[in-house]
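# Breakdown of the fold
If you want the building blocks of each chain, they are given just below.
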Amino acid sequence: MIKDICEAAGLVWHFLDEHGSTPVGTLKRKLKLGSEAFYGALGWLAREDKLAFEGAGKKLVVALK
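Figured I'd write up the structure that's included with this text.

## Brief notes about the environment of A37
- Relative to the assigned elements, A37 resides in helix 3 (residues 35-47).
- For the pair formed by A37 and A8, sequence separation is 29 residues and the distance between their alpha carbons is 6.1 Å.
- Apart from residues lying up to four places away in sequence, A37 is in contact with D4, I5 and A8.

## Remarks on the sheet that holds strand 1 (residues 22-23)
- In spatial order, the strands read 1-3-2; together these three strands make up an open sheet with antiparallel pairing. If you trace the sheet from one side to the other, it starts and ends with strand 1 and strand 2 (51-56), each paired once.

Parameters at a glance
Residues numbered from 1 in each chain as written. Predicted model: local features only at pLDDT ≥ 70, side-chain atom pairs only at ≥ 80, totals over all residues. Heavy atoms only, no water. Helix = DSSP H or I, 4+ residues; strand = E, 2+ residues; numbered from the N terminus. Contact = heavy atoms within 4.5 Å. Pairing = 2+ DSSP bridges.

What follows is the structure, given as structure tokens:
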């Protein structure tokens, strides 16, 4: 599972680097990741202080710091 989360974190980082701020739901859908790997990756990157989160209406938007 750690390997899946690590790989997912790389996918999330590269997607955000290329596309910029993205709603969390859109990011998950575009990357086609399972919930455990996806949310584990967000947690991993957030813990490393790589992500910024902000609310946009009812959506949570994530971006690289």
